[in-house]
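Geometric and topological summary
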Amino acid sequence: LRISTRAPTKTMSFGWHRSETLGALASVLSIWVVTGALVYLAAARIISNDYEIEARAMLATSAGAVGVNLVMAHILHQTPAGCGVGGAERLGGSRDPRDLPTQPGSASVRAAFVHVVGDLLQSLGVLAAATIIYAKPQYKIADPISTLFFSVFVLGSTITILKDVLRVLMEGAPRGLEFDAVKATLLGVSGVQGTHDLHLWALTLGQPVVSAHVAIDASADPDSVLREATAQLWARFGVTCCTLQVERYQEEMG
Ligand SMILES: [Zn+2]
């Protein structure tokens, strides 16, 4: 996690935030490998009718799932740091979110956080069950069967993390940041006639990014449009990082 807070450089102008996303991907995949191995062993034990206690490995897997969920919750719980913290030059149109008075109504961060907390509770339940099996080896007959059940739960709670992680890596719109809602917000700013080249993605799970062209009518003041649009994106969606290109509206733009 430390590496993800490294200051942006000229080659890594977004900073190193994605390292935590890559880390999450690696942890989920390694949990899956271990889980797969446990399922294979459990199946083999059921078939050969030869029971040996694997509670320790089960404990380790579920603890791993709890760990991944904790890390994700921690990432999402941090206040979004804004783009280019302490580093790379700001592009015109960006504004320091710390100047903005309101707390972020970040739907995307909250949605992701609630989700991760749900997964965390689920994997804690699995961990508790694994601990009971580990502490009471006399239930070992139940062990291979419960290993299968646990694996399903572990997969269930990590697959959503994997989906979110892949969404970030594939530059998809973050959960809770609806394209149409963002577009409506931009169009709702007074003086705005149209918007195009609207892109939504995320630096990490907790840091949504918006870029768009905003076409304004001749009488509108570009600076105040920019200010209001930036403030609204922050207040409604918690977008700390937006790059808006303000341009004069022309008929053929649509
Ligand atoms: Zn344009």
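Along each chain, residues carry numbers from 1 onward, in the same order as the chain's sequence is written. Per-residue local features are limited, in this predicted model, to residues with pLDDT of at least 70; the limit for side-chain atom pairs, both in listing and counting, is 80 or more; totals at the level of whole chains, interfaces and linings are taken over all residues. Derived side-chain values reflect all non-hydrogen atoms in the structure, with water molecules and hydrogen atoms excluded from consideration.

1. Overview of the overall build of the protein chain
Put simply, the test is: Helix numbering and strand numbering both begin at the N terminus, where a helix is a DSSP run of H or I of at least 4 residues and a strand a DSSP run of E of at least 2. Relative accessibility decides the category of a residue: with a 1.4 Å probe and only protein chains considered, values under 20% of the type maximum give buried, values over 50% give exposed, and everything between is partly exposed. We call two residues in contact whenever any of their non-hydrogen atoms come within 4.5 Å of each other. Only the protein chains shown count as cover for residues, and all accessible areas are computed by the Shrake-Rupley method using a 1.4 Å probe.
Per the secondary structure count, the protein chain includes six helices and three strands. The linear arrangement of helices and strands in the protein chain, starting from the amino end, is α-α-α-α-α-β-β-α-β. Burial statistics for the protein chain: of 254 residues in total, 41% are counted as buried. Excluding contacts between residues fewer than 6 apart, the proportion of contacts in the protein chain whose partners are at least 24 apart in sequence is 74%. Entry remark: accessible area of the protein chain is about 13,300 Å², with carbon and sulfur atoms responsible for 62%.

2. Digging into the pairing of strand β1 (residues 192-202)
Which entries qualify depends on this criterion: Two strands qualify as a pair provided that DSSP identifies no fewer than 2 bridges between them.
Taken together, the eight bridges between β1 and strand β2 (residues 208-216) define a ladder with antiparallel strand orientation. Residue pairing across strands places His-196 opposite His-213, the latter belonging to β2. Where β1 folds back onto β2 in an antiparallel hairpin, the turn is made up of five residues.

3. Details of the side chain of Thr-185
With respect to the element layout, Thr-185 can be found in helix α5 (residues 179-188). Excluding residues within four positions of it along the chain, Thr-185 makes contact with Gln-232, Arg-236 and Phe-237.

4. A word on helix α1 (residues 18-48)
Working note: α-helix, 3.6 residues per turn, so residues spaced by three or four point in the same direction. This is how it is decided: To estimate how far a helix should reach, multiply one less than its number of residues by 1.5 Å.
Helix length check: α1, at 31 residues, gives a terminal C-alpha distance of 45 Å against a target of 45 Å (1.5 Å per residue), a fit within 8%. Among all positions of α1, only Ser-19, Glu-20, Thr-21, Ala-24, Leu-25, Val-28, Ile-31, Thr-35, Leu-38, Ala-42 and Arg-45 are buried.

5. Let's talk about the coordination of the zinc ion
Note on metal sites: the ideal angle is 109.5 degrees for four tetrahedral donors, and 90 or 180 degrees for six octahedral donors. The condition that has to hold: Coordination here is defined by N, O and S atoms within 2.8 Å of the metal (3.2 Å for Na, K and Ca), and since water is not considered, a site can look incomplete. When four donors show all angles between 85 and 135 degrees the site is tetrahedral, when four or six donors have opposite pairs over 155 degrees and all other angles between 65 and 115 it is square planar or octahedral respectively, and in every other case it is irregular.
With distances of 2.0 to 2.8 Å, the protein atoms coordinating the zinc ion are His-196 (NE2), His-213 (ND1), Glu-247 (OE) and Glu-247 (OE). Taken together, the four donor atoms surrounding the zinc ion define angles of 50 to 138° at the centre, an arrangement classified as irregular. Expressed as a motif, the donor residue spacing for the zinc ion is H-x16-H-x33-E. One end of the pair, His-196, is in strand β1; the other, Glu-247, is in strand β3 (residues 241-248), with 51 residues separating them in the sequence. Taking relative accessible area as the criterion, His-196 reaches 23% and is therefore assigned partly exposed. The class for Glu-247 is buried, based on a relative accessible area of 16%.

6. Notes on the sheet that holds β1
Rule in force here: To define axes, lines are fitted to C-alpha atoms, for helices over the stretch in contact only, and angles between the resulting N-to-C directions are given on a 0 to 180 degree scale.
If you walk across this open sheet you meet the three strands as β1-β2-β3, and the pairing is mixed. Each end of this open sheet is capped by a strand with a single partner; those strands are β1 and β3. Neighbour-to-neighbour, the strand axes of the sheet open up by a mean angle of 10°, direction not taken into account. Taken strand by strand, helix α6 (residues 222-237) contacts β1, β2 and β3, and its axis lies near 150° from that of β3.

7. Quick look at the packing of α5 against α6
In helix packing, the relevant descriptors are the interaxial angle and the interaxial distance, both defined with respect to the helix axes. We apply this condition: Each helix crossing is assigned a hand: it is left-handed if the near helix lies turned anticlockwise from the far helix by less than a right angle, otherwise right-handed if that turn is clockwise.
It is the contact of α5 with α6, at a shortest axis distance of 10 Å, that shows an interaxial angle of 145°. As α5 packs across α6, the resulting crossing turns out to be right-handed. Along the contact surface, α5 presents Ala-181, Val-182, Thr-185 and Leu-186, while α6 presents Ala-229, Gln-232, Leu-233, Arg-236 and Phe-237.

8. Looking at the confidence of the model for the protein chain
Cut-off, in case you're wondering: For every residue, the predictor states its confidence as a pLDDT score lying anywhere from 0 to 100.
Predicted confidence across the protein chain gives a mean pLDDT of 75, with 74% of residues reaching 70 or more. Note on residues 84-105: pLDDT under 50 across the span, and 39 contacts to partners over four residues away in sequence or across chains.

9. Some words on the nonpolar core
For clarity, the threshold we go by: As used in this record, nonpolar core signifies buried Ala, Val, Leu, Ile, Met, Phe, Trp, Tyr and Cys residues forming a set joined through side-chain atoms within 4.5 Å.
Counting residues in each nonpolar core, the largest one holds 25 residues, and the members touching the most others are Val-68, Met-72, Ile-161 and Val-165. For this core, the secondary structure elements donating two or more residues are α1, α2 (55-77), α3 (107-135) and α4 (143-169). For this core, the element with the highest residue contribution is α2, accounting for seven residues. If near-sequence neighbours (up to four positions away) are discounted, Val-165 is found in contact with Thr-21, Ala-24, Leu-25 and Met-72.

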